[in-house]
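Spelled out, the chains give:
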Amino acid sequence: EIPEVAVEVSLQPWRNYKTDGCILFSDILTPLPGMGCEFSIDEKLGPIMEPIRNYEDLKKMRPIDPSSAAPFVAETLKILRDEVGPETAVLGFVGCPYTLATYLVEGKTSKEYLEIKKMAFNEPKLLHSILQNLADSIGEYALYQVENGAQLIQIFDSWAGHLSPRDYDEFAAPYQKQILDKVKAKYPDIPTVIYIKHSGALIEKMAGTGVDVVSLDWTVDMEVGRERVTNGRKAAGLEGVGGVQGNLDPSILMSNHDIIKERAEEILRKAGPTGHVMNLGHGIEACTPEENAHFFIETVRNFRHDA
């Protein structure tokens, strides 16, 4: 919540590596207090909050006013926009309703997500009410980021990969689509990206939301992933092949430079010359040697597709 700190942390990778994008340093839980859902951070357990388990609990939720709930986000984005210049894109991001709902229903982080799954199966209307409240507010929060300097919005539904395809269709995809549609309705030229960890079973469904770019994690072959994104868009009646992002295994950056180069260039060749944002398949590990991260970026920057 301190813009100066968020700006500095956001700028460090950009200063060091001159990446094409500079992403807002924040957390997917940042907007929750503005929706009436306060939380604290335990050093060992992570975020902790009073869970929402019934309709009485649900009453505490309220629509967000981003300008009063997260003015520091606007300030951070504006400073980043000025700092990085026109050659670098400023990236905003939001958490998706299902993933945010896991924290609200579980009351903390979880490995099995049993409480939210019990609610999905036993009281689906209650869960849908929570998800709809979240979708309404997160859509507004995404617009707020664009209005204050974000030039792309990435939506994270990190824990939707724990859902079966049927449950993803009911409890995740419709609310992802609401956010994407809200952004496109007001800002049709703003690119959108979706990321779900361990999403190999869901690629076609992710593409079918109408998102511009599907982030693939490292468990999916890039060539196969591109084909599945195209097929997912076609099945949903969408035009174009769609873009992809990813998908180097972050642990590859722990290896030697020859392996980093080989694996990165393999992905670049399989992705083809257009519609691909080269990236890791998940967040970079904190113990990654900085020289290896720099080598990876230079490898990508120097790569050329055969004519």
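Residues numbered from 1 in each chain as written. Predicted model: local features only at pLDDT ≥ 70, side-chain atom pairs only at ≥ 80, totals over all residues. Heavy atoms only, no water.

### What about empty space enclosed by the protein?
- Tallying each qualifying case throughout the model produces one cavity of 30 Å³ or more.
- Estimates place the volume of the largest cavity at around 30 Å³.
- Forming the walls of the largest cavity are Tyr98, Lys117, Ala120, Phe121, Leu127, Leu163, Asp167 and Phe171.
- Among the elements that make up the lining of the largest cavity, the one with the highest residue count is helix α6 (residues 114-122) (three residues). (1 Å grid on protein atoms, 1.4 Å probe; cavity = no way out; pocket = protein on both sides within 12 Å on 5 of 7 lines; lining within 4 Å. Points joined across faces, edges and corners; volume = space filled by probe spheres on them. Helix = DSSP H or I, 4+ residues; strand = E, 2+ residues; numbered from the N terminus.)

### Points about the packing of helix α5 (residues 97-106) against helix α7 (residues 124-147)
- Between α5 and α7, the shortest axis-to-axis distance is 9 Å and the interhelical angle comes to 120°. Regarding the angle of α5 to α7, the classification is oblique. Seen along the crossing, α5 lies across α7 with a hand that is right-handed. In this structure, α5 uses Pro97, Tyr98, Leu100, Ala101, Leu104 and Val105 to contact α7, whose residues at the interface are Leu127, Ile130, Leu131, Leu134, Ala135 and Ile138. (Axes fitted to C-alpha atoms, helices over the stretch in contact; angles between N-to-C directions. Parallel < 35°, antiparallel > 145°, perpendicular 65-115°, else oblique. Left-handed = near helix turned anticlockwise from the far one by under 90°. Contact = heavy atoms within 4.5 Å.)

### With respect to unusual backbone geometry
- The omega angle of the peptide bond from glycine 246 to asparagine 247 is 0°, so this bond is cis rather than trans.
- As for its position among the elements, asparagine 247 is in strand β8 (residues 243-248).
- With phi around 50°, lysine 18 is a residue other than glycine that occupies positive phi space.
- Positionally, lysine 18 belongs in the loop between α1 (3-17) and β1 (21-23).
- Looking at lysine 18, the relative accessible area reads 44%, which means it is partly exposed.
- The backbone phi angle of histidine 198 is positive, close to 55°, even though this residue is not glycine.
- The residue histidine 198 is located in the loop between β6 (192-195) and α10 (203-207) in this model. (Buried < 20%, exposed > 50% of the residue type's maximum accessible area, 1.4 Å probe, protein only.)

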